[in-house]
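The residues making up each chain are set out below.
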Amino acid sequence: MASVLSARQALRLPRQLRLFSTSLSLGSGSTDVKRLGVVGAGQMGLGIALVAAVKAQVPVTLVDSAQNSLDKGIGFAEKLLAKDVAKNRITQEQADAARALLTPTTSIDSLADVDFVIEAVPEIPSLKFDIFAKLAQICPKHAILATNTSSISITRIAAATTQDPTDTTNSSRVVSTHFMNPVPVQKGVEIISGLQTSQATLDAAVAFCKRLGKIPSVSADSPGFLANRILMPYINEAVICLETGVGDRDAIDAIMKNGTNVPMGPLQLADFIGLDTCLAIMKVLHTETGDSKYRPSVLLRNMVDAGWLGKKSGRGFYEY
Ligand SMILES: NC(=O)c1ccc[n+]([C@@H]2O[C@H](COP(=O)([O-])OP(=O)(O)OC[C@H]3O[C@@H](n4cnc5c(N)ncnc54)[C@H](O)[C@@H]3O)[C@@H](O)[C@H]2O)c1
C-alpha cells in the first residue's frame, strides 16, 4: 500500500511535518460504507451508482442539479439492468433489488447520512470547489469525500473544504476515485491522494473500490495523474493529425485500432469520452505544467465551441 504522501510530495516536506501528517491520518476514514452518495448523474456518476448498487449492494443517493439528467440516468440504468437480465448475468430479482437501491434527488442536502460520497459533476474547477465546500458541511464527519475528476488537483479540491489550512479535519477526508468509462465495464480505477489526504482515507477508498469489483492503481497528485497524462496527449495528437491533414478521420482511427490492438481509434474514443471533457483535461495539463507539448488542438476547441461534444450531443467526429 502506498503511503499517504507520494515520494515526490514527501521530499518537499520536513520530517516533522511528515510525522504530523501521518498521525493526523489515524483517526479519520472508514471502510464500512453502508450508504453511498453520488453527485452528478451523467455518464460517470450514473455508472458508479449502478455498479455500487449491483456489486456492493449499498443504497445510493444520486444527486443531480438537473431533473432531466436524473430521469435520463435512471432510464439508462433500467435499460442496462434489463440487458444484464436478458444476458443471464443477473436475475430479475437482483435487477429489481439494484434498482430499488437507487434514490435520485435534486437536493444535495440529502447527503447528510452517507458514509462515502463520489462527486462526478463536469470538469470545471470552481464547480468542484463549490461542491466540496458544501459536502464538507453536509456529509457526516466520518464520511469519505471522493472526486472523479480527470485532471484537477486533489490538493486544491481538498483545500476548498476548509477556510483554515492548518485544520485538516475535512481536507484529510478528500481523495480521488477516478473511474474509467464505461464504469460498469472498465476494471481500472485510479486512487489519488492530495497532500492533505490521510492514510485511512486512502485505505478506505481502495477498499471500497475493491468492493465494487475494481482494480485500484494508486498514483500521485500530478496534472492528469497517470491515465489522462498518457491518454489525452494521444487523443489531442490524433485531432492535430486530422486538423493538419496528415490523415483523415477513418485513416487515423483505423491505423490505431488495427495497428495497436485497441477497441476503438482515438477520435471515436474522444467522441465517447466527450470532447468538452477532453478539452478541459488538455487545458489543465497545459496550464498546470506550463509545457507547450500539451497545447489543445484548435480543432478540438472549435468543435467544443460548436457544441459538437461527441456521442452525448449526437455529433462529434462521428454522427450518432
Ligand atoms: N466521460 C469520461 O470518459 C470520464 C472518465 C473519467 C472521469 N471523468 C470525469 O467525471 C466527471 C463527470 O464526467 P461525465 O462525463 O459524467 O459528465 P456529464 O456531463 O455526463 O455529467 C455531469 C452531470 O453533472 C450534473 N451537474 C452539473 N452541475 C451540478 C451540480 N452543481 N450539482 C449536481 N449535479 C450537477 C449535470 O447535470 C450532469 O448530469 C468529470 O470530472 C470528468 O472529467 C469523465
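Residues numbered from 1 in each chain as written. Predicted model: local features only at pLDDT ≥ 70, side-chain atom pairs only at ≥ 80, totals over all residues. Heavy atoms only, no water.

Looking at an unreviewed UniProt entry, one finds the protein named 3-hydroxybutyryl-CoA dehydrogenase, with Schizothecium vesticola as its source organism. Per UniProt, the protein carries the Sequence similarities (unreviewed entry) text "Belongs to the 3-hydroxyacyl-CoA dehydrogenase family." On record in UniProt, under Pathway (unreviewed entry), the comment for the protein is "Lipid metabolism; fatty acid beta-oxidation." (UniProt positions renumbered as here; feature names shortened; annotations may be inferred.)

> Just checking my understanding: could you explain the overall build of the protein for this structure?
Regarding its fold elements, the protein presents 13 helices and eight strands. The C-alpha radius of gyration computed for the protein amounts to 20 Å, which stays within 12% of the reference 20 Å derived for 320 residues, consistent with globular compactness. Overall, the protein is about 55 × 55 × 30 Å in size when its C-alpha atoms are taken along their principal axes. Residues counted as buried form 48% of the 320 residues belonging to the protein. Look at the contacts in the protein between residues 6 or more apart in sequence, and 72% of them connect residues 24 or more apart. Carbon and sulfur atoms make up 56% of the accessible area of the protein, which amounts to about 14,900 Å² in all. Charge centroids of the protein, computed over 32 positive and 29 negative side chains, lie 4 Å from each other. (Helix = DSSP H or I, 4+ residues; strand = E, 2+ residues; numbered from the N terminus. Rg over C-alpha atoms; globule rule 2.2 N^0.38 Å. Buried < 20%, exposed > 50% of the residue type's maximum accessible area, 1.4 Å probe, protein only. Contact = heavy atoms within 4.5 Å. Areas by Shrake-Rupley, 256 points an atom, 1.4 Å probe, with all protein chains shown as cover. Lys, Arg positive; Asp, Glu negative; His and termini not counted. Charge placed at Lys NZ, Arg CZ, Asp CG, Glu CD.)

> Is there a simple way to explain the UniProt feature "site: Important for catalytic activity" (unreviewed entry) in the protein in this structure?
The sites that carry the UniProt feature "site: Important for catalytic activity" (unreviewed entry) are, in the present numbering, His 178. Excluding its chain neighbours within four sequence positions, the residues that come into contact with His 178 are Thr 147, Asn 148, Thr 149, Ser 150, Val 189, Glu 190, Ile 192, Phe 225 and Asn 228.

> For this particular structure, what's the right way to read the side chain of Ser 153?
Mapped onto the fold, Ser 153 is located in the loop between strand E5 (144–147) and helix H7 (154–159). Looking at Ser 153, the relative accessible area reads 19%, which means it is buried. Here the side chain of Ser 153 touches Thr 155 through a polar contact of 3.2 Å, landing on its backbone nitrogen. (Polar contact = N/O pair within 3.5 Å; in protein donor to acceptor, adjacent residues only side chain to side chain.)

> Just to check I follow, could you spell out the nonpolar core for this structure?
Leu 36, Phe 116, Phe 179 and Phe 208 are the most contacted members of the largest nonpolar core, which has 43 residues in total. With nine residues, the top contributor of residues to this core is helix H3 (residues 43–56). (Core = buried A, V, L, I, M, F, W, Y, C linked by side-chain atoms within 4.5 Å.)

> I tried to follow the site of the ligand on my own but got confused; where do I start?
Surrounding the ligand, one finds 26 residues, the nearest of these being Met 44, Asp 64, Glu 123, Lys 128 and Ser 150. At 2.9 Å from an oxygen atom of the ligand is found a main-chain nitrogen or oxygen belonging to Met 44. Within the side chain of Asp 64, one N or O atom sits 2.6 Å away from an oxygen atom of the ligand. When residues of the shell around the ligand are assigned to their parent elements, the largest contribution, three residues, is made by helix H6 (residues 125–138). By residue class, the composition of the shell around the ligand is eleven nonpolar, eleven polar and four charged. (Near = heavy atom within 4 Å. Nonpolar A, V, L, I, M, F, W, Y, C, P; charged D, E, K, R; others polar.)

> Could you clarify how one ought to interpret helix H9 (residues 227–243) in this entry?
Working note: α-helix, 3.6 residues per turn, so residues spaced by three or four point in the same direction. Taking 1.5 Å as the rise per residue, H9 with 17 residues should run 24 Å; its terminal C-alpha atoms sit 24 Å apart, in good agreement. The inward-facing, buried residues of H9 abut strand E6 (174–179), helix H10 (249–260), helix H11 (266–273), helix H12 (275–289) and helix H13 (298–305). Of the residues flanking the end of H9, it is Gly 245, one or two places downstream, whose phi is positive at about 75°. (Expected span 1.5 Å × (residues − 1).)

> Could you clarify how one ought to interpret the environment of Lys 83 in this entry?
Checked against the element boundaries, Lys 83 lands in helix H4 (residues 67–86). Among the residues examined, Lys 83 registers a relative accessible area of 46% and is labelled partly exposed.

> Can you help me understand H6 in this one?
In this model H6 runs 20 Å from its N-terminal to its C-terminal C-alpha over 14 residues, within 8% of the 20 Å that 1.5 Å per residue would give. Tucked inside the fold, the buried residues of H6 contact strand E1 (36–39), strand E4 (116–119), E5, H7 and E6.

> Whenever I open this one, the sheet that holds strand E2 (residues 60–63) confuses me. Can you help?
What holds strands together in a sheet is hydrogen bonding between their backbones, with the strands either parallel or antiparallel. The mixed open sheet is built from eight strands, whose spatial order is E3-E2-E1-E4-E5-E6-E7-E8. Each of the sheet's edge strands pairs with one partner strand only, and the pair in question is strand E3 (102–105) and strand E8 (215–219). Strand-to-strand twist in this sheet, taken as the mean axis angle between neighbours without regard to direction, amounts to 25°. With four bridges connecting them, E1 and E2 associate as parallel partners. Bridging from a neighbouring strand, Val 38 pairs with Leu 62 of E2. Contacting E2 and E3, H4 crosses the sheet at an angle of about 165° to E3. (Pairing = 2+ DSSP bridges. Axes fitted to C-alpha atoms, helices over the stretch in contact; angles between N-to-C directions.)

> Before we go on, may I ask you to explain the pattern of salt bridges in this structure?
A pair can form between side chains of opposite charge whenever their charged atoms are brought close. Going through the model one piece at a time under the given rule, you end up with ten salt bridges. Lys 34 is paired through a salt bridge with Asp 32; the nearest N and O atoms lie 2.8 Å apart. Here Lys 34 falls in the exposed class, since its relative accessible area comes to 56%. When the shortest N-O distance is used, the salt bridge between Arg 99 and Glu 78 registers 2.8 Å. Here Glu 78 lies in helix H4 and Arg 99 lies in helix H5 (residues 92–100), a separation of 21 residues in the sequence. Taking the relative accessible area as the measure of exposure, Arg 99 reaches 26% and is therefore partly exposed. Salt bridges sharing common partners tie together Glu 119, Glu 123 and Lys 128. (Salt bridge = Lys/Arg side-chain N within 4 Å of Asp/Glu carboxyl O.)

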